[in-house]
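Structure assessment
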Amino acid sequence: MTPQTTDSSNQHIAFIGGGNMASAIIGGLLKRGLPASQIQVVEPFAEQRARLAQQFQIEVSETAGASLARATLAVWAVKPQTFRQAAEQSRAHTQAALHLSVAAGIRSSTIAGWLGTERVVRAMPNTPALIGQGMTALFARPAASAADRLAVERVVQTTGQYLWLDEEAQLDAVTALSGSGPAYVFYFIEAMIEAGTDMGLSREQAQQLAVGTFAGASALAHEATEPPEVLRARVTSKGGTTYAALTSMEQDGIKEKFMQAMHAARQRASEMGDEFGAA
Ligand SMILES: NC(=O)c1ccc[n+]([C@@H]2O[C@H](COP(=O)([O-])OP(=O)(O)OC[C@H]3O[C@@H](n4cnc5c(N)ncnc54)[C@H](O)[C@@H]3O)[C@@H](O)[C@H]2O)c1
């Protein structure tokens, strides 16, 4: 989607939870030029508070308080298992805000119930957001207005690309695909490095080759008009090395196993909605 540029001078953003995801988004917002004075964070852990204050020069508090009432947007960046408790601590102060949750699994109806407002949008980002190359999927409850959606877009576009979903259940699939996806990529990179060193390359050489191959192949898949299976066929000479590797993977059912793993991730997202979102 094309980034929108609209006025953000009245925007005040409160982050509830100041860990990995909040830091990625805050970094993007500051880079885009949002003044640090328009951002505040509630973060109970002293070490993390010190890190945030030092890195971003933003206001960080240990507990939720009346200063949260300034927030036009509250970004919920706590773990699914602590969301409910955090909501209880903050809800009295954030009634006027639009709410954006990045928590996996916790459904928007649950969030609306905990926060006492229907103006809720859910997002599923991923960690490449840290370098402005994130992928985020968004779902808005019907009560979120067009202006609310735009306010959310202004925030997530600073971390990379985004798309809107029509059905909330699709967020669990997104969590399994792009939310958890960076971990799958790192896992394959790890395997390629290990195999490369087994075969006599240095770790540095194997890492450079593996990471460069992922980056190059991803860029090619992005730019090419052909689908990935055509690009794969172009690498696979008949009776050659790639054919040997792919045949070995097919025989071991790697693709099916990998797809099964993604289904497990989606299932877990749904279970977390039940487990941590129970009334
Ligand atoms: N890390 C990822 O790859 C990723 C991707 C997509 C979505 N998410 C979602 O983002 C959310 C945050 O994940 P993260 O990786 O940033 O976790 P994190 O542990 O780095 O950050 C969570 C922060 O919340 C703080 N916290 C705990 N209790 C709190 C409370 N009561 N009030 C305010 N803050 C509190 C913690 O101290 C911690 O710093 C999760 O719900 C996760 O599902 C994470």
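Everything numeric here is computed off the predicted structure, so don't read it as measured data.

What to know about the side chain of Gln38
Along the chain, the position of Gln38 falls in the loop between helix H1 (20-32) and strand E2 (39-42). At 2.5 Å, the side chain of Gln38 and the backbone oxygen of Gln11 are in polar contact.

Re the UniProt feature "transmembrane region" (unreviewed entry) in the chain
UniProt records the feature "transmembrane region" (unreviewed entry) at residues 12-30, using the numbering of this structure. Secondary structure content for residues 12-30 is 58% helix and 21% strand, and the end C-alpha separation is 13 Å.

Concerning the nonpolar core
Judged by nonpolar contacts, the single largest core of 30 residues is most densely connected at Ile13, Phe15, Ile26, Leu29, Leu100, Val121 and Leu138. Discounting residues that sit within four places of it in the chain, Phe15 has contacts with Ala22, Ile25, Ile26, Leu29, Ile39, Gln40, Val41, Val42 and Val75.

Considering the packing of aromatic side chains
All told, the structure shown has five aromatic pairs when counted by the stated rule. Taking 5.2 Å as the distance between ring centres and 15° as the angle between the ring planes, the aromatic pair formed by Trp76 and Phe83 counts as stacked. Per residue, the accessibility class of Trp76 equals that of Phe83, and both read buried. Between Phe188 and Phe258 the ring centres are 5.7 Å apart and the planes differ by 75°, which places this aromatic pair in the edge-to-face class. Linking Phe188 in helix H7 (residues 181-198) with Phe258 in helix H11 (residues 254-276), this pair joins segments that are 70 residues apart in sequence. Assessed through its relative accessible area of 32%, Phe258 is described here as partly exposed. Through a chain of ring-to-ring contacts, three or more aromatic side chains come together here, namely Tyr184, Tyr187, Phe188 and Phe258. For the cation-ring pair, Arg149 lies above Trp164, with the distance from its terminal atom to the ring centre recorded as 4.4 Å.

Scoring rules and cut-offs
- Residues numbered from 1 in each chain as written.
- Predicted model: local features only at pLDDT ≥ 70, side-chain atom pairs only at ≥ 80, totals over all residues.
- Heavy atoms only, no water.
- Helix = DSSP H or I, 4+ residues; strand = E, 2+ residues; numbered from the N terminus.
- Polar contact = N/O pair within 3.5 Å; in protein donor to acceptor, adjacent residues only side chain to side chain.
- UniProt positions renumbered as here; feature names shortened; annotations may be inferred.
- Core = buried A, V, L, I, M, F, W, Y, C linked by side-chain atoms within 4.5 Å.
- Buried < 20%, exposed > 50% of the residue type's maximum accessible area, 1.4 Å probe, protein only.
- Contact = heavy atoms within 4.5 Å.
- Phe/Tyr/Trp six-rings, centres within 6.5 Å; stacked < 30°, edge-to-face > 60°.
- Lys NZ or Arg CZ within 6 Å of the ring centre and 35° of its normal.

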